Amino acid sequence: TQTVSQSDAHVTVFEGDSVELRCNYSYGGSIYLSWYIQHHGHGLQFLLKYYSGNPVVQGVNGFEAEFSKSDSSFHLRKASVHWSDSAVYFCAVSAAGANTGKLTFGHGTILRVHP
Amino acid sequence: DAGVTQTPRHEVAEKGQTIILKCEPVSGHNDLFWYRQTKIQGLELLSYFRSKSLMEDGGAFKDRFKAEMLNSSFSTLKIQPTEPKDSAVYLCASSFTNTLYFGAGTRLSVL
């Protein structure tokens, strides 16, 4: 069974700041890790994912995430946020090899970017 | 390139009514998922189809929730009878290689 923990329910920053949203997971086997973004009133939208190779993966709109096996983490980062990045961010994990979208989601982190 | 389409966007029901939510997945995607989203519980998996076959039916949601996929391009989620605690956003998603594509959701309010 996979579990995903997003320790920060809310993060507030100012436009132009850097931000890191934390995600820790637990699972014994090979996994896919991904991040999704949800703007108010919309469905979730894929940002990026990691399975193997370079532990730093690039996503859309300047987001990147870094996988750490030793820390069981997959934190999301952005060097300079814009007010339009205000949204809820979900970390998710799925078992590799199953080739399905059956994901386990964290509870989400609400990011507020003040102009 | 059409994404996942969900209808209606909003639904208001009286307690005890039957409601049917609809979803059209992305063409060519084999997997389809129904999720319920609330502030307290977050995202909860209701049903999962692979190539139209029901793979999971979300355990705790079995008794009043029924998802069907009669063809590869259309799925429904029926809630019968509705209860106030069913008020939530219902999200449909289809997937391709471990990436989910979500619809905009249906916001259900049960009075």
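Analysis parameters
Residues numbered from 1 in each chain as written. Chains lettered and ligands numbered in written order. Predicted model: local features only at pLDDT ≥ 70, side-chain atom pairs only at ≥ 80, totals over all residues. Heavy atoms only, no water. Helix = DSSP H or I, 4+ residues; strand = E, 2+ residues; numbered from the N terminus. Buried < 20%, exposed > 50% of the residue type's maximum accessible area, 1.4 Å probe, protein only. Pairing = 2+ DSSP bridges. Axes fitted to C-alpha atoms, helices over the stretch in contact; angles between N-to-C directions. 1 Å grid on protein atoms, 1.4 Å probe; cavity = no way out; pocket = protein on both sides within 12 Å on 5 of 7 lines; lining within 4 Å. Points joined across faces, edges and corners; volume = space filled by probe spheres on them. Nonpolar A, V, L, I, M, F, W, Y, C, P; charged D, E, K, R; others polar. Phe/Tyr/Trp six-rings, centres within 6.5 Å; stacked < 30°, edge-to-face > 60°. Contact = heavy atoms within 4.5 Å. Salt bridge = Lys/Arg side-chain N within 4 Å of Asp/Glu carboxyl O. Buried area = accessible area lost by both parts, 1.4 Å probe.

## Details of unusual backbone geometry
Link 1 in the chain: Between Thr7(B) and the following residue, Pro8(B), the backbone shows a cis peptide bond with an omega angle of -10 degrees.
Link 2 in the chain: Within the fold, Pro8(B) resides in the loop between β1 (5-7) and β2 (10-13).
Link 3 in the chain: The peptide bond linking Gln80(B) to Pro81(B) adopts the cis configuration, its omega dihedral lying at -10 degrees.
Link 4 in the chain: Within the secondary structure, Pro81(B) is located in the loop between β8 (74-79) and β9 (88-96).
Link 5 in the chain: Positive phi values are uncommon outside glycine, yet Asn61(A) reaches one of about 55 degrees.
Link 6 in the chain: On the basis of relative accessible area, Asn61(A) is assigned to the exposed category, the value being 59%.

## Details of the sheet that holds β8(B)
All names here are of chain B.
Link 1 in the chain: Taken in spatial order, the four strands line up as β1-β3-β8-β7 in an open sheet, and their pairing is antiparallel. Each end of this open sheet is capped by a strand with a single partner; those strands are β1 and β7 (65-71). This sheet shows a mean twist of 20 degrees between the axes of neighbouring strands, independent of strand direction.
Link 2 in the chain: Bridging between β1 and strand β3 (residues 19-24) involves three bridges; their strand directions are antiparallel. When the sheet's bridge partners are listed, Thr 5 is paired in β3 with Glu 24.

## Quick notes on the layout of surface pockets
Link 1 in the chain: What the largest pocket holds in volume is close to 750 Å³.
Link 2 in the chain: Secondary-structure elements contributing two or more residues to the lining of the largest pocket are β10 (87-95) of chain A together with β4 (31-38), β9 and β11 (106-110) of chain B.
Link 3 in the chain: Its residues assigned to classes, the lining of the largest pocket comprises ten nonpolar, 16 polar and three charged.

## Digging into the packing of aromatic side chains
Link 1 in the chain: Counted according to the given criterion, the structure contains 15 aromatic pairs over all chains.
Link 2 in the chain: An angle of 70 degrees between the planes, with centres 5.8 Å apart, marks the rings of Tyr36(A) and Phe46(A) as edge-to-face. Taken together, the positions of Tyr36(A) in strand β5 (residues 31-38) and Phe46(A) in strand β6 (residues 45-50) put the pair ten residues apart, joining distant regions of the chain.
Link 3 in the chain: On the numbers, 6.1 Å between centres and 80 degrees between planes, the contact of Tyr36(A) with Phe102(B) is edge-to-face.

## A closer look at the side chain of Ser34(A)
Residue and element names in this part refer to chain A.
Link 1 in the chain: Relative to the assigned elements, Ser 34 resides in strand β5.
Link 2 in the chain: Since its relative accessible area comes to 3%, Ser 34 is described here as buried.
Link 3 in the chain: Excluding its chain neighbours within four sequence positions, the residues that come into contact with Ser 34 are Phe 46, Leu 48, Lys 49, Phe 74, Phe 90, Cys 91, Ala 92 and Leu 103.

## Some points on the pattern of salt bridges
Link 1 in the chain: Within this structure, the stated rule accounts for eleven salt bridges over all chains.
Link 2 in the chain: A salt bridge links Asp8(A) to Arg22(A); the shortest N-O distance between them is 3.0 Å. Of this pair, Asp8(A) sits in the loop between β1 (3-5) and β2 (10-14) while Arg22(A) sits in the loop between β3 (19-21) and β4 (24-26), and the two are 14 residues apart along the sequence.
Link 3 in the chain: Lys85(B) is the salt-bridge partner of Glu83(B), the closest N and O atoms lying 3.6 Å from each other.
Link 4 in the chain: Take Glu83(B): its relative accessible area is 26%, and that puts it in the partly exposed class.
Link 5 in the chain: Classification of Lys85(B) by relative accessible area gives exposed; the value is 60%.
Link 6 in the chain: Because the salt bridges share partners, they merge into one network encompassing Arg36(B), Glu44(B), Arg64(B), Glu83(B), Lys85(B) and Asp86(B).

## Some remarks on the interface of chain B and chain A
Link 1 in the chain: With 22 residues of chain B at the interface, the matching set in chain A holds 20 residues.
Link 2 in the chain: Counting each side, the surface lost to burial between chain B and chain A is near 1,700 Å², with a carbon and sulfur contribution of 50%.
Link 3 in the chain: The largest contributions to the chain B side of the interface with chain A come from Leu43(B), Asn98(B) and Phe102(B), which together make up 36% of the buried area.
Link 4 in the chain: Linking chain B to chain A there are one salt bridge.
Link 5 in the chain: Glu56(B) serves as the salt-bridge partner of Lys102(A), at 2.9 Å between the closest nitrogen and oxygen.

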